[in-house]
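The primary structure of each chain is shown beneath.
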Amino acid sequence: VAHQAQLLPGTLDLLILRAVSLGPLHGYGVLLRIGQISGNALLIEQGALYPGLFRLVRQGLLKASWGTSDNNRRAKFYELTSAGRKRLREETESWNRLASAIACALSQQPEET
Amino acid sequence: MKLLNSLRLRIATLFYPAQVNTEMEEELSSHIQLRADDLERSGLPRPEAERRARIEFGGREKYKEECHQALGNHFIETLIQDLRFSLRMLRKSPGFAIAAVLTLALAIGANAVVFGMLNGLLLRPLNVPRAQSLYAVQRGNATYIVQSYPDYLDLRDRNRSFDGLAAYTIAQAGLDTGKNPSTAWLFEVSGNYFDALGIQPYLGRFFHGSDEHGPNSAPYIVLSWAYWHSHFQDDSGVVGRTVQLSKHPFTILGVAPPQFHGTLLILSPDFFVPMVNAEQVDGVAFLNARGTRWVFEVLGRLKVGVTPAQATADLNAIGYYLGKTYPKDDGPTSFSLVRPGLHGDFFAPAARAFLAGLMLLAGLILLAACANLGSLFAARAADRGREVALRLALGSSRSRIVRQLFTEAVMISLAGGAAGLWASVVLLRWLSLWQPFPQFSMTIPVSPDASVYLVALLLALASGFLFGAIPVRQVLRTNPYEVVKSGSSGRAGRRLTVRDVLLVVQIAICAVLVTSSFVALRGLARSLHANFGFEPRNATLVETNLSLAGYRSDQLPIMQKRMIDAMEAIPGVTRAGLVDVPPLHMGWDVSPVFTDNMTDLRPWKAVAQAVTYKISPEYFQAAGTAMLAGRIFSLGDDKEAPRVAVVNQEFARQIFGSVSSALGSYYKMPDGTRVQVVGIAEDGKYTANIAEDPQPAMFLPILQSPANETWLVLRSSRDRQQLVAAIRSKLRDLDPGLPAFIQTWNEEMNGALFAPRMATASLGVLGLMGAMLSITGIFGMAAYSVSKRLRELGIRIALGAQRKEVLEAALGRALKLLAYGSAAGLLLGLLATRVLAFIVYQATPRDPLVLAGVVGAMSLLGLLATWIPAQRALSVNPVILLRAE
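Residues numbered from 1 in each chain as written. Chains lettered and ligands numbered in written order. Predicted model: local features only at pLDDT ≥ 70, side-chain atom pairs only at ≥ 80, totals over all residues. Heavy atoms only, no water.

A. Expanded view of the overall build of chain B. The helix and strand tally for chain B stands at 29 helices and 21 strands. Among the 885 residues that make up chain B, the fraction classed as buried is 50%. In chain B, the proportion of contacts linking residues at least 24 apart, taken out of those at least 6 apart, comes to 79%. Summed over all atoms, the accessible surface of chain B reaches about 40,100 Å², with 60% contributed by carbon and sulfur. (Helix = DSSP H or I, 4+ residues; strand = E, 2+ residues; numbered from the N terminus. Buried < 20%, exposed > 50% of the residue type's maximum accessible area, 1.4 Å probe, protein only. Contact = heavy atoms within 4.5 Å. Areas by Shrake-Rupley, 256 points an atom, 1.4 Å probe, with all protein chains shown as cover.)

B. Fine view of the overall build of chain A. Of the regular secondary structure elements, chain A holds four helices and five strands. Taken from the N to the C terminus, the helices and strands of chain A come in the order β-α-β-α-β-α-β-β-α. For chain A, the proportion of its 113 residues judged to be buried stands at 36%. Only carbon and sulfur atoms are counted for the fraction: they give 53% of the accessible area of chain A, which is about 6,900 Å².

C. Geometry of the nonpolar core. L104(B), M117(B), L358(B), I365(B), I412(B), F467(B) and L766(B) are the most contacted members of the largest nonpolar core, which totals 49 residues. When residues of this core are traced back to their parent elements, those giving at least two are α6 (94-123), α12 (348-383), α14 (398-433), α15 (450-468), α18 (498-528) and α25 (750-788) of chain B. For this core, the element with the most residues is α6(B), which contributes 14 residues. Those residues in contact with M117(B), other than ones at most four positions away along the chain, are L122(B), L355(B), L358(B), L428(B), L431(B) and V446(B). Grouped together as the second largest cluster of nonpolar side chains are 37 residues, A19(A), L80(A), A36(B) and F57(B) included. (Core = buried A, V, L, I, M, F, W, Y, C linked by side-chain atoms within 4.5 Å.)

D. Geometry of the interface of chain A and chain B. The interface is formed by 22 residues belonging to chain A together with 24 residues belonging to chain B. Summing both partners gives a buried area of about 2,100 Å² for chain A against chain B, and 55% of it is carried by carbon and sulfur. Across the chain A-chain B interface, the total number found is four salt bridges. In this structure, the salt-bridge partner of D37(B) is R73(A), at a minimum N-O distance of 2.7 Å. The interface formed by chain A and chain B contains 13 residue pairs in polar contact (both at pLDDT 80 or more). Broken down by secondary-structure element, the contributors of at least two residues to the side of chain A that touches chain B are α2 (27-37), α3 (49-58) and β5 (74-80) of chain A. Top element by residues in the side of chain A that touches chain B is α3(A). It accounts for five residues. (Buried area = accessible area lost by both parts, 1.4 Å probe. Salt bridge = Lys/Arg side-chain N within 4 Å of Asp/Glu carboxyl O. Polar contact = N/O pair within 3.5 Å; in protein donor to acceptor, adjacent residues only side chain to side chain.)

E. Structural detail: the sheet that holds strand β2 (residues 25-26) of chain A. Residue and element names in this part refer to chain A. The three strands lie next to each other as β2-β5-β4, forming an open sheet whose pairing is antiparallel. With partners counted over all chains shown, the strands left at the sheet margins are β2 and β4 (62-68), one partner each. Bridge analysis of β4 against β5 gives seven bridges, and the strand direction is antiparallel. Paired with K63 across the strands is E79, a residue of β5. (Pairing = 2+ DSSP bridges.)

F. Local environment of the pattern of salt bridges. In total, this model carries 34 salt bridges over all chains according to the counting rule given. A salt bridge links E27(B) to K76(A), with the shortest nitrogen-to-oxygen separation between them at 3.4 Å. Here K76(A) lies in strand β5 and E27(B) lies in helix α2 (residues 18-41), a pairing that spans two chains. Linking D683(B) and R653(B) is a salt bridge whose minimum nitrogen-to-oxygen distance equals 3.5 Å. With a gap of 30 residues between them, D683(B) in the loop between β18 (674-681) and β19 (697-701) and R653(B) in helix α21 (residues 649-656) connect regions that are remote in the sequence. Overall, D683(B) belongs to the buried group, its relative accessible area being 18%.

G. Spatial organisation of the packing of aromatic side chains. All names here are of chain B. Under the definition given, this model contains 32 aromatic pairs over all chains. Where F194 meets F206, the ring centres are 3.9 Å apart and the plane angle is 20°; that geometry is what we call stacked. Here F194, found in helix α8 (residues 193-197), pairs with F206, found in the loop between β4 (203-204) and β5 (220-223); they are twelve residues apart in sequence, far enough to count as distant. The class of F206 is buried, set by a relative accessible area of 2%. (Phe/Tyr/Trp six-rings, centres within 6.5 Å; stacked < 30°, edge-to-face > 60°.)

H. A look at the environment of L39(B). Residues and elements named next belong to chain B. Counting through the fold element by element, L39 comes out in helix α2. A residue is classified by how much of its surface remains accessible, and L39, at 7% relative accessible area, is buried. L39 sits ten residues away from A49 along the chain, and the two C-alpha atoms are 5.5 Å apart. The residues contacting L39, other than those within four sequence positions of it, are L44, A49, R52, A53 and E56.

I. A look at the pairing of strand β8 (residues 271-274) of chain B. Residues and elements named next belong to chain B. Across the two faces of β8 the burial is the same, with F271 and V273 and F272 and P274 all buried. As paired strands, strand β3 (residues 182-189) and β8 are joined by four bridges and run parallel to one another. Note on β8: the bridge partner recorded for L186 is F271. In terms of strand pairing, β5 meets β8 through two bridges, oriented antiparallel. By the bridge assignment for β8, V222 is matched with F272.

J. View of the packing of helix α1 (residues 11-21) of chain A against α3(A). Residues and elements named next belong to chain A. Two elements in contact, α1 and α3, have axes separated by 10 Å at closest approach and are oriented at 75°. Here α1 lies roughly perpendicular to α3, going by the angle between them. Between α1 and α3, the residues in contact are L12, D13, I16 and L17 and L49, G52, L53, R55 and L56, respectively. Residue composition of the contact of α1 with α3, by class: six nonpolar, one polar and two charged. (Axes fitted to C-alpha atoms, helices over the stretch in contact; angles between N-to-C directions. Parallel < 35°, antiparallel > 145°, perpendicular 65-115°, else oblique. Nonpolar A, V, L, I, M, F, W, Y, C, P; charged D, E, K, R; others polar.)

K. Structural detail: the environment of I55(B). As for its placement among the helices and strands, I55(B) is situated in helix α3 (residues 46-57). Separated by 23 residues in the primary sequence, I55(B) and I32(B) have C-alpha atoms spaced 9.5 Å apart.

L. Quick look at the side chain of E408(B). Residue and element names in this part refer to chain B. Along the chain, E408 falls in helix α14. Taking the relative accessible area as the measure of exposure, E408 reaches 0% and is therefore buried. Those residues in contact with E408, other than ones at most four positions away along the chain, are S86, M89, L90, F377, R380 and R384.

M. Structural view of the pairing of β5(B). Sheet topology note: the β5(B)/strand β7 (residues 248-255) of chain B ladder contains four bridges and is parallel. Considered in β7(B), the bridge of I221(B) is made with I252(B).

N. Fine view of a nonpolar patch on the surface. A cluster of nonpolar side chains, namely L8(A), W95(A), L98(A), I102(A) and L106(A), defines an oily patch on the protein surface of about 520 Å² accessible area. Tracing the backbone through its elements, the reader meets L98(A) in helix α4 (residues 82-107). (Patch = residues over 30% accessible without salt bridge, like charges linked within 9 Å, V, L, I, M, F, W, Y side chains within 5 Å.)

O. Geometry of the environment of T407(B). All names here are of chain B. Secondary-structure assignment places T407 in helix α14. By relative accessible area, which is 10% here, T407 ends up buried. Sequence spacing of T407 and I80 is 327 residues, and the spatial spacing of their C-alpha atoms is 9.6 Å. Excluding anything up to four places from it in sequence, T407 contacts L79, D82, L83 and S86.

P. Main features of unusual backbone geometry. Unusually for a residue other than glycine, N40(A) sits at a positive phi of about 55°. Exposure remark for N40(A): the relative accessible area of 54% places this residue in the exposed category. For N538(B), which is not glycine, the phi torsion reads 60° and is therefore positive. Within the secondary structure layout, N538(B) lies in the loop between α18 and β11 (539-545).

Q. Seen up close, helix α28 (residues 848-874) of chain B. Residue and element names in this part refer to chain B. If you check α28, its first and last C-alpha atoms are 36 Å apart, about what 27 residues at 1.5 Å a residue would give, namely 39 Å. Along α28, the helix axis deviates most sharply at W867, where the bend reaches about 45°; the proline P869 sits within four residues downstream. Considered for burial, the residues of α28 that qualify are V850, G853, V854, A857, M858, L861, G862, A865, T866, P869, A870 and A873. (Expected span 1.5 Å × (residues − 1). Bend = angle between axes of the 7 residues up to and from the residue.)

R. How the structure looks around the side chain of R290(B). Residue and element names in this part refer to chain B. With respect to the helices and strands, the residue R290 is situated in the loop between α10 (278-282) and β9 (297-302). Residue R290 is classed as buried on the basis of its relative accessible area of 11%. Among all residues touching R290, those that are not within four sequence positions of it are S148, P150, D151, D154, L322, Y326, D329 and D330.

Scope: geometric values only; no functional claims are made or implied.
Structure, rendered in structure tokens:
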């Protein structure tokens, strides 16, 4: 836990979209999936997930429906809409550009500048 | 707060559908259960697992709130938070809150009252079905709405645009129901009156056009509901009863519905009788006289699909026909349509100008109140700079803070609006029941309706946003870092601030109001002492109608002579004379006059329209009218003698060019009679308008131009009650059945002075409000600046400043602003007197008394408003003050 990184503002939505893109999930499942795909390296307060989910539903990027979890509990399941899929693609591209630019900038050796 | 909390919950559930709420609740719970399941699987006992799951989830309520916001449904929540906060802030400064609410209540109340009058008199249509298509027919070539009866019949029968054209005229008659004879106001109406208006009877039936079969063929009465209620005690047995109206039997047919008060806004008739019976009611009738325009108003409803323009064209075709067929009586005639209710262009423009002027001034009051509150709010916002900075530093957004300030402003404005509306509704209800004249059933139909409430609400909201907007810039520019670091914003503002500008604007507006009320007061004072062309003091009027008492026209001169002699025999009466209608009384007579060499005597060729009086020789002395040249008539100027007249100066000027050339010359009446001018009298006021321009007038001997309705004018300085008793006993000796109404001439003039008095009263009230607003404005500013600078003043005093210097430092700025504002307002006010000249007698801007009055009043206001702050500044004790810091 000590080595978990704080999320950058705005990245939670991207992570949710990515997690849900692999298949319909309930809220807790989204959280577990993010932990799984990020190697548990990110610190996310559990409740903080929900305003993000509601926001994405409102923007039409996710759609929600009630179902039953693996251990037979009622839960709300989220899945990606086509708009959400498109948004995930765009956001991923722009994040990769940003990340590689910053990585590139940070990896420059002093004499090369 | 408990109440507010529960209210908030209740509203929240109203606005968040319960389903959304429970679903959200369920989803979050399911998350915690799922997490607890996992924790339980890893070996924790269930209760511990659930506890851990809840802790890991974090602030559940906070996230729920954020979810609601994410759903975009947080408007009401935020609003309620703001309301709670604003209430708390206002409770901390009750003085400010009360002052603000009262200021607005005054301003919005004034606006609501004026709008209520505007609404009742000008905007609201008459209370009849489909009133939008109801129009009155006005003769287009003059501001002249009266018609003759034959012309009305032609209009009624020849037009193709109206669903029935009705006519009415106002009359007064004695009604005798067997118990107590009383005079009543009635409408003589055309037979189709109720049918054309679409009114259904409340009781019994109405008369119809088919009931008319020539003169005096329809002796029927339809009572108004109010008269039936007050004089017949709601007795439904009145239908079919026969009563004596002007000594003729009339049958009561029915009662009109309660909400129908006739078709003239300012006068509700007691009952309605068919116009064809006018001769029985009035003693005279002009049913066949095409040249005598006595039908008060002709009105009707346009047929569906007919536009006013088409109807006007239709009427003008009839006008063309009338002009060709009756060149002597009608001449070229055109017609136009006007809204009924205020007697066309006769009353309506004056009422419109007066109410528009009042509305403007009331708007200014509201503007001044907004400026006042705006500067108060700006001062408050400055004081709350620290709080705002702290909230900004803690992460509140600027828009959120501005929103809260607006909530506060609108809350105050709505409270003020509600209070003002309540007061105005009370006042309007009272006004609509008010009877300004004892003899005359005049009503002011201004009871408030939905549009008054709506306007008050809109004004309240608008003013809330107006003065709420003033501190916004201040908040937006706050730099939290600076403010928190340096403590209170102790900058001594030397440059011109928004607050200063607002104060000057406010004082200027108030000075305009004070100026206009001074001008109105001066006008009224002047009109009361103006030269009326007669002397109302020590004069008594006795109104008699000999034809109502059954006298035939050949008996009139003898009886009139006997009445004069009897009056002059009363001890203390110096002179008594007769006049058909006294000057400045409603119902004057105007006649066209022609020069002696004119042969074409059609009305529109006349050189002048002269007000005509029929008088006995004693009238001039009794009325106190001065003769300038020539002689008064004598009893010798009777039917057999050549026709003579006394004219006034204006008449002499307009017809003959000068007084000297008028004396002894001749002019012509419309019937071709040559009349010789034997005397010249002074100019006076004649029509019921104190502010009229000089009008030509002629006085004819009553022996040559008989009149059956006459007023006795008595000059006497005797005690009023004794005099009235003496007059009554003398009249009883002459004829016990002669009805007479006795009043002093000053009382009678209340009618003519009604409009200027109302104008003065309204302007006076508005001026007073303006004065109060400027006091609170200056007081607020001065008190604020003193309290802000107490420390500085303390240091000054400690360093040896004198009282004068302290005062100058503390209040100099406020007084300077007051002076600027007053000067600007005075200037504007004097420009505005042009507008006032419509309603105020001889409103003139160059009146030293008005100038001095305004300057004096504004200085007095300044003194009053700065008195308490000045005392506070002077009583500063530097030792205590500096120690406290």
